[in-house]
Amino acid sequence: MIRAQWSILPLAGLAEVGWATGLKHAETLAGWLLTITLAVTSLWLASRAVRYMPTSTVYTIFVGLGAAGTAIADWVFFGVAFHWPVLAFIALLLIGVIGLQQVGD
């Protein structure tokens with residue numbers, strides 16, 4: 001069973017994807033305000049997770065989910081060309097993240 005603190009990280013990762021995407025696509029004041037709000041939210045959620053888990057684990061998972069999610073968002077929503085090697089490295093990254101979860105508890 002996943003403990004409650006682990007549920008914080010996917011939310012932080014999702015907010016990370018949102019603000020990273022917003023940096024490229026925000027053009028209006030509302031878009032920039034949403035981008036800033038998502039940046040603050042992602043960091044706030046990550047800071048909550050650090051209270052319950054090792055900082056190195058939180059940071060690695062937070063950045064890994066953000067990087068993988070941003071690459072996937074680029075492919076799915078923004079027409080960036082798909083490349084198999086990128087997917088392979090994202091899979092490798094996620095394997096490492098899952099491994100950290102397994103040994104970090």
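Before any of the text, the structure's been laid out above.
Just so it is clear, the model here is predicted, and its values are computed rather than measured.

K.L.:
Looking at this structure, how should I read the overall build of the protein chain?
P.N.:
If you tally the helices and strands in the protein chain, you get four helices and zero strands. Listing every helix and strand of the protein chain by position from the N terminus yields α-α-α-α. Taking the principal axes of its C-alpha atoms as reference, the protein chain extends roughly 40 × 35 × 20 Å. Relative to its full complement of 105 residues, the protein chain shows a buried share of 30%. Within the protein chain, counting contacts between residues at least 6 apart in sequence, those at least 24 apart form 64% of the total. Of the roughly 6,800 Å² of accessible surface on the protein chain, a fraction of 74% belongs to carbon and sulfur atoms.

K.L.:
It is not clear to me how a nonpolar patch on the surface should be interpreted in this structure. Could you clarify?
P.N.:
Taken together, the side chains of Ile-72, Val-76, Phe-77, Phe-78 and Val-80 make up a nonpolar region of the molecular surface, amounting to roughly 480 Å² of accessible area. Position of Phe-77 among the secondary structure elements: in helix α3 (residues 55-78). Residue classification places Phe-77 among the exposed positions, given a relative accessible area of 64%.

K.L.:
Help me understand the nonpolar core, please; the structure alone is not making it clear to me.
P.N.:
As a rule of thumb, nonpolar side chains are buried together in soluble globular proteins. Ranked by size, the top nonpolar core spans 12 residues in total: Trp-6, Ile-8, Leu-9, Ala-12, Leu-45, Ala-46, Ala-49, Met-53, Val-58, Ile-61, Phe-62 and Val-97. If you list the elements that add at least two residues to this core, you get α1 (4-25), α2 (29-50) and α3. For this core, the leading source of residues is α1, giving four residues. Those residues in contact with Ile-8, other than ones at most four positions away along the chain, are Leu-45, Arg-48, Ala-49 and Tyr-52.

K.L.:
I would appreciate a short explanation of the packing of α2 against α3 in the present structure.
P.N.:
Helix-helix packing is described using two parameters, namely the angle between the two axes and the distance between the axes. Orientation of α2 relative to α3, taken along the N-to-C sense of each, is 150°, at an axis distance of 9 Å. As α2 runs across α3, the sense of the crossing is right-handed. Here Ser-42, Leu-43, Ala-46, Ala-49 and Val-50 of α2 lie close against α3, whose contacting residues are Thr-55, Val-58 and Phe-62. When grouped by side-chain class, the residues that make up the contact of α2 with α3 number six nonpolar, two polar and no charged.

K.L.:
Got a minute to help me understand the packing of aromatic side chains in this structure?
P.N.:
Aromatic rings considered in pairs are described by the distance between their centres and by the relative angle of their planes. Summed over all chains, the structure comprises three aromatic pairs. Centre to centre, the rings of Trp-75 and Phe-82 are 4.8 Å apart; their planes meet at 65°, and the pair counts as edge-to-face. Measuring from centroid to centroid gives 6.4 Å for Phe-77 and Phe-78, while their planes differ by 65°, and the two rings are edge-to-face. Taken together, the ring pairs connect Trp-75, Phe-82 and Trp-84 into an aromatic cluster.

K.L.:
I would appreciate a short explanation of the environment of Phe-78 in the present structure.
P.N.:
Position of Phe-78 among the secondary structure elements: in helix α3. Residue Phe-78 is classed as partly exposed on the basis of its relative accessible area, which comes to 36%. The spatial distance from the C-alpha of Phe-78 to the C-alpha of Thr-21 is 9.6 Å, given a sequence separation of 57 residues. If we skip the residues at most four places from it in the chain, Phe-78 touches Thr-21, His-25 and Ala-73.

What counts, and at which threshold
Residues numbered from 1 in each chain as written. Predicted model: local features only at pLDDT ≥ 70, side-chain atom pairs only at ≥ 80, totals over all residues. Heavy atoms only, no water. Helix = DSSP H or I, 4+ residues; strand = E, 2+ residues; numbered from the N terminus. Buried < 20%, exposed > 50% of the residue type's maximum accessible area, 1.4 Å probe, protein only. Contact = heavy atoms within 4.5 Å. Areas by Shrake-Rupley, 256 points an atom, 1.4 Å probe, with all protein chains shown as cover. Patch = residues over 30% accessible without salt bridge, like charges linked within 9 Å, V, L, I, M, F, W, Y side chains within 5 Å. Salt bridge = Lys/Arg side-chain N within 4 Å of Asp/Glu carboxyl O. Core = buried A, V, L, I, M, F, W, Y, C linked by side-chain atoms within 4.5 Å. Axes fitted to C-alpha atoms, helices over the stretch in contact; angles between N-to-C directions. Left-handed = near helix turned anticlockwise from the far one by under 90°. Nonpolar A, V, L, I, M, F, W, Y, C, P; charged D, E, K, R; others polar. Phe/Tyr/Trp six-rings, centres within 6.5 Å; stacked < 30°, edge-to-face > 60°.

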